[in-house]
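Listed here are the chains, written in short residue letters.
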Amino acid sequence: MDLNSLTLLVEIIDSGNLSQAARKLKMTRANVSYHLTQLEKSVGVQLVRRTTRRVEPTEVGLRMYEHGRAIQNEMLSARETITSLGQGMAGRVGLSVPSGYGQIVMSDWLIEFKRLYPAIVLDVLFENRADHLRDEVDIAIRVIQEPPLSVIARSLGNVHYVACASREYAQQHGLPTTLYELRNSPLITAGVMGRQLRLSAYQGTDRQEVLLAPTMISEHFPFLRQGILAGLGVGLVPDYVVQDKVASGEVLLTLQEYRLSIFGTHMYLLYLPDRHQTRAVRTCIDFLLAKAGQGDSGSAGAAAT
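Residues numbered from 1 in each chain as written. Predicted model: local features only at pLDDT ≥ 70, side-chain atom pairs only at ≥ 80, totals over all residues. Heavy atoms only, no water.

## Considering the overall build of the protein chain
Then step 1. In terms of helices and strands, the protein chain carries 10 helices and 15 strands.
Then step 2. Split into buried and exposed, the 305 residues of the protein chain put 45% on the buried side.
Then step 3. If you take every contact in the protein chain between residues at least 6 apart in sequence, the share linking residues at least 24 apart comes to 74%.
Then step 4. By element, 51% of the accessible surface of the protein chain is carried by carbon and sulfur atoms, the whole surface being about 15,900 Å². (Helix = DSSP H or I, 4+ residues; strand = E, 2+ residues; numbered from the N terminus. Buried < 20%, exposed > 50% of the residue type's maximum accessible area, 1.4 Å probe, protein only. Contact = heavy atoms within 4.5 Å. Areas by Shrake-Rupley, 256 points an atom, 1.4 Å probe, with all protein chains shown as cover.)

## Describing helix α8 (residues 221-229)
Structural remark: α-helix, 3.6 residues per turn; residues separated by three or four positions point the same way.
Then step 1. Of all the positions in α8, only Phe 221, Leu 224, Gly 227 and Ile 228 are classed as buried. Buried residues in α8, looked at end-on, bunch into an arc of 110°, giving them a common side.
Then step 2. Just downstream of α8 lies Gly 231, where phi reads positive at about 75°. (Arc of directions from axis to C-beta.)

## Some words on the side chain of Glu 11
Then step 1. For Glu 11, the position within the fold is in helix α1 (residues 3-15).
Then step 2. Glu 11 gets classed as buried once you look at its relative accessible area, which sits at 19%.
Then step 3. Among residues more than four places away in sequence, those in contact with Glu 11 are Ala 21, Lys 24 and Leu 25.

## Considerations on the sheet that holds strand β5 (residues 139-143)
Then step 1. The 5 strands are arranged β4-β3-β5-β15-β6 in an open sheet whose pairing can be described as mixed. Two strands close off the open sheet at either side, each with one partner strand: β4 (120-126) and β6 (152-158). Looking at each pair of strands side by side, their axes are set apart by 20° on average, direction ignored.
Then step 2. Strand direction decides the pairing type here: β6 and strand β15 (residues 266-271), joined by 6 bridges, are antiparallel. Counterpart to Asn 158 in the pairing with β15 is His 266.
Then step 3. Strand contacts of helix α5 (residues 99-116): β3 (91-97), β4, β5 and β15, with the helix running at about 175° to β4, the strand carrying the most contacts. (Pairing = 2+ DSSP bridges. Axes fitted to C-alpha atoms, helices over the stretch in contact; angles between N-to-C directions.)

Spelled out as structure tokens, the structure:
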């Protein structure tokens, strides 16, 4: 058995099937299958169970995978050390950030990070996808109820939604003072295609749930902000979307006795435990945690979504 064989096994298990592994390794599927068979013959045990769609590691295969992944990470660290000798911070960081929080809050952070480390390539995706971490994504920021067990999750703080409207709307139509009135107001909020929108409203330990039928829906929070300021309805948005306008008196809040939530009550920074982290990625993680007010304290940070 050699390092190439271990690399092959790691790619196969990471990919989940031979075809995807072949694409990553720039080999044919038949060639990958042949080398896997030769590896299993050389160690004398089955390393993966093959089905028509997936491969699953056996117990021995999983142990070999862990060794292979550790060796790969050590080699990447050694290569990075050699490359960075005598140089400043460099490398690539792939980020996936929520469309709203990313644009309204994180953009300034990332500009500052880029100024501090001009040699680092920042590849930023503004999206709300469920598959948080992919090959091109080192760090994902997401609002979720519970982070998957397969990732390392660092808290970025609680998510605070507010019910709000422009002063103009409030003068013409009044503000809803009950959840029933809110449900029957023209609502401006985010939504998920194919999913019925539900608002959770908490008062202490009591929880109520309200089905929503918004009249203006978008994943683009700056657009929702424009709709609220234009007096088109009652907004249900994270507090950072309108906090400057609330401070100036242009936007009024209502139902403040409730803690409101649509997609979750917490934001996390996510990354994979078994993927090699370059100095650039580690530095970016620390920078973002500090910016969110977290650092290593684990206390709640800025409101986000």
